[in-house]
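Spelled out, the chains give:
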Amino acid sequence: VTYCRSLRDLRTADASEFGGKSAGLGELLAAGIPVPPGFALSASAFTQFVREAGLGGRIDDAIARVSPGDLDAIGAAARSISEAMRSAPIPDPVRDQVGEHYQAFASEPAPPVAVRSSAIGEDSQDATFAGQQESYLWVRGVDHVCDAIRDCWASLFSAPAISYRARLRRDQPAMGVTVQLMVDAAVSGVMFTCNPVSGDPSMVAINASWGLGLAVVGGEVTPDDFLVSKVTSEIVREQLGAKAVEYVPDPGGRGAVRREVSPQRRDVRCLDPMAVASLVDVARRVEGHFGAHQDVEWALARDTSELLVVQSRPVTSVPKRARKPPPKSAIAAVMSTFGADTG
Amino acid sequence: MYPYYALFDERRRETDENRFWFWNSMHFPVPMPAFDAICIDSPYQAVGAWQNRVFAVPPAMGIDYRCVNGYIYISGNPVTDPAKIAERAEFFQKRAGYYYENWTELYAKWRAKMEALIAELGELKVPSLPEYEPDEIAFEHDRNTAFYEVLDSYGRALRLGDLMWQHHFEFLLLGYGAYATFADFCKSNLPDVPDQHVAQMVAGIDVLLFKPDAELRRLARRAIDTGVDGAFVEGRTPDEINAELAQTDAGRAWLDDLEQVKDPWFNMATGDGLYHYYHSWLDDPRIPYASLIGHVAALRAGEQIDRPTEDIQRERDRLADEYASLLPRELQAPFHELLGLSRTVFPYVEEHKFFCDYWFLTRWWNKVREFGALLAHHRFLEDAEDLFQLTRHEVATALDELVLTWATGGEALGPKHWPPIVARRKQILERLAGWTPPPALGVTPEAITDPMTIMLWGVTTERVHDWARQQEGGTELNGAPASPGVVEGAARVVKSVHEIADVRDGEILVCSITSPAWAPIFSKITAAVTDIGGVMSHAAIVCREYGLPSVVGTGRATAQIHTGDRIRVDGSAGVVTLLGGRT
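Residues numbered from 1 in each chain as written. Chains lettered and ligands numbered in written order. Predicted model: local features only at pLDDT ≥ 70, side-chain atom pairs only at ≥ 80, totals over all residues. Heavy atoms only, no water.

Before going further, it helps to examine the overall build of chain A. When helices and strands are tallied, chain A shows 13 helices and 13 strands. Computed over C-alpha atoms, the radius of gyration of chain A comes to 22 Å, within 12% of the 20 Å expected from 2.2 N^0.38 for 343 residues, which places it in the range of a compact globule. Overall, chain A is about 75 × 50 × 40 Å in size when its C-alpha atoms are taken along their principal axes. Split into buried and exposed, the 343 residues of chain A put 52% on the buried side. Long-range contacts, defined as pairs at least 24 residues apart, comprise 65% of the intrachain contacts of chain A with a sequence gap of at least 6. Summed over all atoms, the accessible surface of chain A reaches about 14,900 Å², with 51% contributed by carbon and sulfur. Of the side chains in chain A, 35 bear a positive and 41 a negative charge, and the two mean positions are spaced by 4 Å. (Helix = DSSP H or I, 4+ residues; strand = E, 2+ residues; numbered from the N terminus. Rg over C-alpha atoms; globule rule 2.2 N^0.38 Å. Buried < 20%, exposed > 50% of the residue type's maximum accessible area, 1.4 Å probe, protein only. Contact = heavy atoms within 4.5 Å. Areas by Shrake-Rupley, 256 points an atom, 1.4 Å probe, with all protein chains shown as cover. Lys, Arg positive; Asp, Glu negative; His and termini not counted. Charge placed at Lys NZ, Arg CZ, Asp CG, Glu CD.)

Now for helix α13 (residues 330–337) of chain A. With respect to burial, α13 of chain A is a largely interior element, six of its eight residues being buried. Of the positions making up α13 of chain A, those classed as buried are Ala330, Ala332, Ala333, Val334, Met335 and Thr337 of chain A. Next to the buried residues of α13 of chain A lie α3 (82–101), α7 (172–189), α14 (329–377) and α17 (451–457) of chain B. Backbone geometry just downstream of α13 of chain A places Gly339 of chain A in the positive-phi region, at approximately 70 degrees.

Residues and elements named next belong to chain B. Taken residue by residue, helix α10 (residues 238–245) has Pro238, Ile241 and Leu245 as its buried positions. Down the axis of α10, the buried side of the element spans an arc of 65 degrees, and every buried residue falls inside it. Against α11 (249–265) and α12 (286–300) lie the buried residues of α10. (Arc of directions from axis to C-beta.)

Below, the discussion takes up the nonpolar core. Phe35, Phe232, Trp254 and Trp364 of chain B are the most contacted members of the largest nonpolar core, which totals 175 residues. For this core, the element with the highest residue contribution is α14 of chain B, accounting for 23 residues. Once residues within four sequence positions are removed from consideration, Trp254 of chain B is found in contact with Leu219, Arg222, Ala223, Val228, Phe232, Leu245, Tyr289 and Leu292 of chain B. Counting 42 residues, the second-largest nonpolar core is a separate cluster that includes Ala78, Val113, Ile149 and Val177 of chain A. (Core = buried A, V, L, I, M, F, W, Y, C linked by side-chain atoms within 4.5 Å.)

Moving on, we come to the sheet that holds strand β2 (residues 38–41) of chain A. All names here are of chain A. Read across the open sheet, the five strands follow the order β1-β2-β5-β3-β4; overall the sheet is antiparallel. Edge positions in the open sheet fall to β1 (4–6) and β4 (135–139), since each of these has one partner strand only. Strand-to-strand twist of the sheet, defined as the mean angle between neighbouring strand axes without regard to direction, takes the value 20 degrees. Bridge analysis of β1 against β2 gives three bridges, and the strand direction is antiparallel. (Pairing = 2+ DSSP bridges. Axes fitted to C-alpha atoms, helices over the stretch in contact; angles between N-to-C directions.)

All names here are of chain B. Omega for the peptide link from Asp263 to Pro264 comes to 15 degrees, which places this bond in the cis form. With respect to the element layout, Pro264 can be found in helix α11. The backbone phi angle of Asn69 is positive, close to 50 degrees, even though this residue is not glycine. Structurally, Asn69 is set in the loop between β2 (60–68) and β3 (71–78). Given a relative accessible area of 40%, Asn69 falls into the partly exposed group.

With that settled, consider the pairing of strand β7 (residues 203–210) of chain A. Residues and elements named next belong to chain A. Summarising burial for β7: seven of the eight residues are buried, a large majority. Sheet analysis places strand β6 (residues 185–192) next to β7, joined by six bridges and oriented antiparallel. When the sheet's bridge partners are listed, Val187 is paired in β7 with Trp210. Of the pairings in the sheet, the one linking β7 to strand β8 (residues 224–229) comprises six bridges and is antiparallel in character. Across the sheet, residue Ile206 finds its bridge partner in β8, namely Phe226.

What follows concerns the environment of Val190 of chain A. All names here are of chain A. Among the structural elements, Val190 can be located in strand β6. With 26 residues separating them in the primary sequence, Val190 and Val216 have C-alpha atoms 7.4 Å apart. Those residues in contact with Val190 that sit more than four places away from it in its chain are Ala205, Ile206, Asn207, Val216, Val217, Asp295, Val296, Glu297 and Trp298.

A few words on the pattern of salt bridges. Considering all chains together, one arrives at 57 salt bridges over all chains under this definition. Among the salt bridges present, the one from Arg5 of chain A reaches Asp14 of chain A, with a minimum N-O distance of 3.5 Å. In this structure, Arg156 of chain B engages Glu120 of chain B in a salt bridge whose closest nitrogen and oxygen atoms are separated by 3.9 Å. Here Arg156 of chain B is found in helix α6 (residues 146–170), whereas its partner Glu120 of chain B is found in helix α4 (residues 103–123), with 36 residues between them in sequence. (Salt bridge = Lys/Arg side-chain N within 4 Å of Asp/Glu carboxyl O.)

A separate point is the environment of Asp70 of chain A. Mapped onto the elements of the fold, Asp70 of chain A is located in the loop between α4 (56–65) and α5 (71–87). Taking the C-alpha atoms as reference points, Asp70 of chain A and Ser163 of chain A, 93 residues apart in sequence, are found 8.5 Å from one another.

Residue and element names in this part refer to chain B. Mapped onto the fold, Arg66 is located in strand β2. A polar atom in the side chain of Arg66 sits 2.8 Å from the side chain of Asp16. Ignoring any residue separated from it by four or fewer positions in sequence, one finds Arg66 in contact with Tyr5, Ala6, Leu7, Phe8, Arg12, Asp16, Arg19, Trp21, Tyr71, Ile72 and Tyr73. (Polar contact = N/O pair within 3.5 Å; in protein donor to acceptor, adjacent residues only side chain to side chain.)

The next thing to look at is the interface of chain A and chain B. Of the residues lining the interface, 32 residues belong to chain A; the matching set on chain B comes to 44 residues. Interface area for chain A against chain B, summed over the two sides, is near 2,800 Å², with a carbon-plus-sulfur share of 65%. Together, Val231, Thr337 and Phe338 of chain A form the three largest contributors to the area buried by chain A at its contact with chain B, with a combined 24%. For the interface between chain A and chain B, the tally reads two salt bridges. We note a salt bridge from Glu322 of chain B to Arg284 of chain A, for which the minimum N-O separation is 2.6 Å. Taken together, chain A and chain B are joined by 12 residue pairs in polar contact (both at pLDDT 80 or more). Those elements that place two or more of their residues in the side of chain A that touches chain B are β8, β9 (235–239) and α13 of chain A. (Buried area = accessible area lost by both parts, 1.4 Å probe.)

Residue and element names in this part refer to chain A. Across the sheet, six strands lie side by side as β9-β8-β7-β6-β12-β13; this open sheet has antiparallel pairing. Pairing within the sheet leaves two strands with one partner each, and these edge strands are β9 and β13 (307–314). Across the sheet, the mean angle from the axis of one strand to that of its neighbour is 20 degrees, orientation sign disregarded.

Next comes the structure, spelled out in structure tokens:
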């Protein structure tokens with residue numbers, strides 16, 4: 001059974017098995033958009049793991065017993081499941097395939113990778129709310145990668161996730177995992193291929209801050225906020241944030257550490273016009289590829305200044321503004337300007 | 001000095017106090033000389049006639065004005081009765097519809113009409129008053145005596161002016177309205193689109209207004225090509241430059257070339273044209289010569305000075321295509337249709353200024369000056385220019401007495417009557433110039449709804465509330481972001497055209513409003529700030545072309561900023577900051 005596939009080989013159709021994130025990255029790669037290399041674990045790796053460890057019944061039991069409002073019971077169930085998961089072994093075929101892919105995609109011996117959950121089906125829409133967006137950064141070595149994968153799986157049974165699913169009466173969950181070569185980002189952030197506030201489709205809204213993406217995604221900093229024209233790459237509005245903290249690779253070589261940003265650097269605009277222009281370019285390509293507005297996580301590599309996309313997903317939150325219906329004709333519209341509406 | 005109806009008056013206090021009046025500093029930045037008040041009456045007669053009586057714009061009649069200490073405040077007359085609005089809408093739809101449908105054809109006719117009017121003005125003679133009438137009067141029976149000819153000529157001069165203003169406004173409302181509709185469409189469907197992109201998509205490429213400077217660039221190149229560029233030294237007067245050119249064959253050939261293109265292209269006003277002292281380049285060649293000196297220096301330094309029309313055209317089409325493609329499919333066709341209509345009407349919007357405000361008006365002032373010369377010749381005035389201190393009706397009165405006493409041979413009172421009045425008025429104007437009028441009077445409305453006020457003056461609800469906030473004090477001025485970029489530097493406040501020559505390299509221009517005739521100084525300045533105007537204003541257009549940051553419509557920049565102040569202009573955000581300190 002194939003549990004692991006290179007991101008390069010995935011397409012949208014693979015989302016049901018590998019999760020939305022992995023499939024989306026595959027699509028981006030196919031569209032020629034710069035994405036760090038990586039591989040994906042299928043949901044069947046997770047189900048195989050649960051089956052071999054004999055955890056299925058235990059999960060069902062724990063979940064069946066909780067009622068949505070009972071926080072203590074939920075907490076207990078979450079602890080018990082995740083303990084059981086963390087002590088269970090990863091099936092050999094899964095571990096072997098992870099090892100193969102891990103060693104194959106980088107030249108250095110134990111390359112740092114990011115291990116992230118890749119939610120499946122309707123879960124993917126709710127994943128953010130349900131606290132299933134776990135990210136393990138700067139993970140090195142096959143053993144640690146496998147541990148991080150197991151931690152991702154376990155996050156399906158975090159207290160909020162259980163309570164969320166209990167409330168919505170969702171079925172047994174499943175999850176894919178994305179493993180990607182880590183970018184040591186000098187600057188990273190998120191961008192929308194439209195203005196999510198006004199709905200303007202000609203704008204790219206960019207949030208950016210120093211270091212790895214965690215700070216922006218986790219809301220730990222007020223990022224620099226740019227509104228940029230897709231048409232000319234001009235910055236239409238900007239608000240520089242006080243970027244007080246940043247995440248950088250742990251000097252010890254494993255994991256990421258949070259540190260204070262020096263006062264001089266906090267208020268400095270973290271993107272130059274060239275970086276903004278390349279973000280706009282990528283935003284347009286990503287949007288063009290998917291044919292819908294996208295919410296894109298990106299990073300600027302510290303050594304090469306290369307812009308890399310680490311995730312893209314559809315924007316679901318654009319306000320549906322009450323738009324005036326399109327005018328019947330130019331003349332009709334002009335008449336209305338003069339308060340002489342026809343009909 | 002001003003007509004009775006131009007003032008706030010006890011007898012209509014109740015109505016006037018409850019209206020919203022804003023200072024029309026766009027057109028009348030300095031106190032009005034008595035004669036120049038004709039440029040308030042005629043335009044508001046004309047705009048009201050078209051807007052209210054011809055097209056019957058449903059919610060808005062004409063614009064009233066009041067003169068306060070020589071400054072002009074205006075206020076629109078709304079139509080509020082729904083039945084009346086509906087009645088007017090029928091007129092408007094039919095009549096405006098006709099204009100839009102036949103725009104290009106009607107505009108061509110308009111241009112012909114304007115050129116004929118300008119020619120007629122050129123032919124208008126201002127007779128002198130001879131000791132003896134010539135023989136023809138006696139022997140040929142179809143001639144009139146000079147008393148009649150003087151009065152007739154003055155009457156005709158005024159009528160030609162009225163006609164010009166009538167033509168001026170024939171297309172104006174509809175032209176601006178079509179553009180405003182496109183801009184609104186963009187704003188509601190692309191809410192963050194910079195105003196300048198909207199303007200860029202519509203603006204013409206081969207616009208008449210760019211032609212004068214294009215001719216100067218060509219002449220600068222010719223000066224270098226024929227080796228006479230040495231004459232163009234910074235600090236020299238046009239006469240000094242001409243004198244040097246006249247010494248060589250090549251120089252004389254260059255002067256001939258200049259002579260060929262002067263008319264019509266030097267019929268540019270040195271200001272926005274509504275005051276008598278805005279001469280044309282023909283009258284005052286300092287501006288075009290300053291520009292020539294700049295172009296020559298730039299060419300010598302190897303700079304590219306040509307307006308990159310192909311790039312501008314390409315960019316304009318690219319913007320339009322890109323924005324269209326970003327819109328939802330069902331809005332793409334209306335976008336193109338509205339853009340198309342805007343582009344159809346825009347030649348008028350851009351070119352009427354050249355025909356009316358510059359070409360006609362500068363010549364018309366000169367025609368009126370001839371009556372000043374006639375009055376001065378007969379000592380009714382000390383100087384021909386003094387005529388402008390009298391109202392047009394007073395001038396008619398003075399001419400009446402002049403031809404009367406010329407005819408009778410009696411003693412004229414005029415030489416004793418008019419000069420003291422003129423002297424007094426000059427003093428008054430000087431005093432009034434030192435006062436800065438508040439941007440608005442009366443009741444600040446919750447919202448500005450009059451489409452004309454918004455369209456023609458850029459006076460929006462937002463702007464009015466900014467004004468209210470900014471009343472004195474504060475180190476920040478808000479305006480419309482007209483051309484992007486941020487620049488810091490020393491301010492140069494230019495309140496009248498006479499101060500243009502003072503502008504130094506690297507300064508930030510702060511003015512009430514600029515006119516196309518100021519174009520040459522845009523190669524010297526690093527940014528521009530104006531009191532009034534929107535993103536379609538001249539300063540905005542030129543700044544975008546030159547890539548200079550610009551904030552327009554700040555309301556009080558010329559009042560709060562002084563020459564030498566260090567300021568920051570953020571043309572992207574529309575904010576001007578006084579940084580403190582002077583250079």
